[in-house]
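Now for the letters of each chain:
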Amino acid sequence: MKMIYMDNAATTKVAPEVFDTMLPYFMEQYGNPASAYEFSGKIANEVARARKTIASSINASENEIFFTSGGSESDNWAIKGIADSLREKGNHIITTKIEHHAVLHTCEFLEKHGYEVTYLPVDDKGFVDPAELEAAIKPETILISVMFANNEIGTVEPVEKIGKIAHEHGILFHTDAVQAYAHLPIDVKAMDIDLMSASAHKINGPKGVGFLYVRKGIKLSNLIHGGAQEKGKRAGTTNAAGIIGFAKAAELNVSRMEETIAHETRIRDLLIERILEEIPYSRLNGDREKRLSNNVNICFRFVEGESLLMLLDGKGICASSGSACTSGSLDPSHVLLAIGLPHEIAHGSLRLTISEETTEEDVSYVVDSLREIITRLRSMSPLYEDFVKKGDNK
């Protein structure tokens, strides 16, 4: 039985070119870039080159890129760092109800320490209303944090409009771009982005490395104290292999972005159309067009997501139900609840995230498997039986 991997929003496989680029830094060029001798100096030069590559991919300067352990750390650092550095100016932060938990839990932590957070609602497609965001601004507002694209339903937010509103009011704007970086064109200057989080393992890079973009001139308190790495802002031995691999992954993804988007959009749309046409009582979550090219999120009525995942796994299909980071939870997705779905429907969600390697044959196998599994699960559902008996097709 072959494996069909459709959980690329959770993580991606390391590209061969990335692996080959990283390999020498484990066994041959293993020195600490912070050391003073020539052996380590060469590695430091490669890290500097990687920083420049990452910076150019978002129209930033290399001194605005700070490497971290991943997206969660970057989100924590951006929000806590600004909250601390601007505490004399204000204590109000604006975000949305559909952010990744790395943002939501960080904001909840700050609320326990005297900060006020406004969690903006979204519409039934997952979009935040820029006018509503602007109306939420107070004299005490110091930061707006809105994700670039949602990790569950794929909705791409109006980031450029939000950045403009923030700057018109003299407020800093942070965006969690973990799902969008190197998947969508990003220009931090044109989009008025002050801080941006990204992670390597979402773009065929290694796990355990990410970056935080911090616009020049912004004062950001340290999250990790210790050594003088990352210009004294983020302590910890430099992950040379990870950083160099991250840069290679970014270079590859950016260079073929247009081609990848075209392929994924075609496969994505085929997958959506076949599911909605062939499996009754299914619902697409998120906007039909303004969504990530690799994201399909569907709710199936009268089906539990957990059972669906287990049976799909039995057929070699890797997918997720709700956010991968909270897949162990029995609670329905906070994103699906925020777009207005009732608990019983949100529980039947399935997220399929494809890649440039996903084929039409993969789509056929997945849809055929889904149709068979959902028919089986519904045949065991008393709710579905009552639904059919009543002839309620709404």
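For the structure, check the block above.
Because the structure is predicted, anything quoted here is derived from the model rather than measured.

Undergrad: Explanation requested: the packing of helix α9 (residues 257-278) against helix α13 (residues 360-379) in the structure shown.
TA: Geometrically, a packed helix pair is captured by the angle between its two axes and the distance between the axes. It is the contact of α9 with α13, at a shortest axis distance of 10 Å, that shows an interaxial angle of 25 degrees. When the interaxial angle is binned, α9 and α13 end up roughly parallel. Between α9 and α13 lies a crossing whose hand is right-handed. The residues of α13 that touch α9, namely those facing R266, I267, L270, L271, R274, I275 and E278, are E360, V363, S364, V367, D368, L370 and R371. Across the contact of α9 with α13, the residue classes tally to 7 nonpolar, 1 polar and 6 charged.

Undergrad: Honestly, the sheet that holds strand β12 (residues 349-353) in this entry has me stumped. Any pointers?
TA: The strands making up a sheet associate through hydrogen bonds between their backbones, and the pairing can be parallel or antiparallel. With antiparallel pairing, the 3 strands of this open sheet are ordered in space as β9-β10-β12. In this open sheet, the two edge strands, each paired with only one partner strand, are β9 (282-284) and β12. Averaged over all neighbouring strand pairs, the angle between strand axes comes to 25 degrees, with direction disregarded. Contacts between α9 and the sheet are confined to β9, β10 (295-300) and β12, with β10 contributing the most and set at about 10 degrees to the helix.

Undergrad: In this structure, what is going on with the environment of E360? I would like to understand it.
TA: With respect to the secondary-structure elements, E360 resides in helix α13. When its relative accessible area of 40% is taken as the criterion, E360 is described as partly exposed. Each C-alpha atom of the pair E360 and R268 lies 9.8 Å from the other, and the pair is 92 residues apart in sequence. Those residues in contact with E360 that lie beyond four places of it in its chain are R266, I267 and L270.

Reading the values: rules and limits
- Residues numbered from 1 in each chain as written.
- Predicted model: local features only at pLDDT ≥ 70, side-chain atom pairs only at ≥ 80, totals over all residues.
- Heavy atoms only, no water.
- Axes fitted to C-alpha atoms, helices over the stretch in contact; angles between N-to-C directions.
- Helix = DSSP H or I, 4+ residues; strand = E, 2+ residues; numbered from the N terminus.
- Parallel < 35°, antiparallel > 145°, perpendicular 65-115°, else oblique.
- Left-handed = near helix turned anticlockwise from the far one by under 90°.
- Contact = heavy atoms within 4.5 Å.
- Nonpolar A, V, L, I, M, F, W, Y, C, P; charged D, E, K, R; others polar.
- Pairing = 2+ DSSP bridges.
- Buried < 20%, exposed > 50% of the residue type's maximum accessible area, 1.4 Å probe, protein only.

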